[in-house]
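Structural overview
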Amino acid sequence: IKDAAPAYAFSWTGVYVGAHAGLMTGNTQGRPDFGGDPIEQLFATDYDMNGGLFGGQIGYNYQIGSAVFGIEASYSGSTAQGDGQSALIFTSRRELDWLATVTGRAGYAMGKSLVYVKGGVAWGDVNSDVEILGIPFLSGSETHVGWTAGVGFEHAITNNITARIEYAHIDLGSEDHALKVNGFKVLDSQVDAEFDSVTIGINYKF
């Protein structure tokens, strides 16, 4: 009698590509440069930004025993936006146009299931607009560079297709936005933004 064939062991090693979508919520603060703290405080802004996140990712995993290590790059479009008032007549509006990340991953595999943590660099394009009594006045944008960290759970549906759910915190740091009127710079405003996101995704593993 021949011995039974050994059970197939799923491996997370390999290149993968995929797509994701989810929701994000966050906060943004702005402080215009007027050269004096009391005046700047009067025009400072602090409000929430909320919206959707959708895009794609590409990465590589390498499994050693139950440990899985990898690197991933992602690019997402965003609908996150928000607005707030200052000095009674000014309305500040901000939106996140896109978000890109490069992260390292480390996880623990339980057969076809994987739990992991991740962390790395994040880039995001943040637009700022200022209205006076509802009339557009100033606008500017800047690419922010910051960091991101998160946790996730991924499961192999087939030998090549995996699905995941992931939480991430994204801190895009502070950047000076040059606010302009018809292309002419009027003043600088220091803007920061940070978000929390929950996404679901699907990958194809080669």
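Residues numbered from 1 in each chain as written. Predicted model: local features only at pLDDT ≥ 70, side-chain atom pairs only at ≥ 80, totals over all residues. Heavy atoms only, no water.

With respect to the overall build of the protein chain
The number of helices and strands found in the protein chain is one helix and nine strands. Of the regular secondary structure in the protein chain, the N- to C-terminal order runs β-α-β-β-β-β-β-β-β-β. The C-alpha atoms of the protein chain give 22 Å as radius of gyration, which overshoots the globular expectation for 206 residues (17 Å, by more than 25%). C-alpha atoms of the protein chain, sized along the principal axes, occupy 90 × 25 × 25 Å. Once local pairs closer than 6 in sequence are excluded, the contacts in the protein chain between residues at least 24 apart make up 67%. Surface summary for the protein chain: the accessible area is close to 10,600 Å², and the carbon and sulfur share equals 62%. Once the 11 positive and 23 negative side-chain charges of the protein chain are each reduced to a mean point, those two points are 13 Å apart. (Helix = DSSP H or I, 4+ residues; strand = E, 2+ residues; numbered from the N terminus. Rg over C-alpha atoms; globule rule 2.2 N^0.38 Å. Contact = heavy atoms within 4.5 Å. Areas by Shrake-Rupley, 256 points an atom, 1.4 Å probe, with all protein chains shown as cover. Lys, Arg positive; Asp, Glu negative; His and termini not counted. Charge placed at Lys NZ, Arg CZ, Asp CG, Glu CD.)

A closer look at the layout of surface pockets
Roughly 240 Å³ of internal volume is contained in the largest pocket. As for the largest pocket, its lining consists of 19 residues, of which Pro32, Phe43, Val130, Leu138 and Leu179 are closest to the centre. Those elements that provide at least two residues to the lining of the largest pocket are β1 (14-32), β5 (90-110), β6 (113-132), β7 (135-156), β8 (161-181) and β9 (184-205). Here the residues of the lining of the largest pocket are counted per class, giving 10 nonpolar, seven polar and two charged. (1 Å grid on protein atoms, 1.4 Å probe; cavity = no way out; pocket = protein on both sides within 12 Å on 5 of 7 lines; lining within 4 Å. Points joined across faces, edges and corners; volume = space filled by probe spheres on them. Nonpolar A, V, L, I, M, F, W, Y, C, P; charged D, E, K, R; others polar.)

Focus: the side chain of serine 189
Mapped onto the fold, serine 189 is located in strand β9. We classify serine 189 as buried; its relative accessible area is 7%. (Buried < 20%, exposed > 50% of the residue type's maximum accessible area, 1.4 Å probe, protein only.)

Topic: the environment of glycine 134
For glycine 134, the position within the fold is in the loop between β6 and β7. In sequence terms glycine 134 and isoleucine 89 are 45 residues apart; their C-alpha atoms lie 8.5 Å from each other.

Overview of the nonpolar core
One finds Met24, Met49, Leu53, Ala80, Leu96, Leu99, Ala122, Val126, Ile170, Leu172, Ala193 and Phe195 forming the largest nonpolar core, which totals 12 residues. Apart from the residues lying within four places of it in its own chain, the contact partners of methionine 24 are Met49, Asn50, Gly51, Gly52, Leu53, Ser78, Ala80, Leu96, Ile170, Phe195, Asp196 and Ser197. In terms of nonpolar packing, the next biggest core, distinct from the first, is built from seven residues, Trp12, Val68, Leu114 and Tyr116 among them. (Core = buried A, V, L, I, M, F, W, Y, C linked by side-chain atoms within 4.5 Å.)

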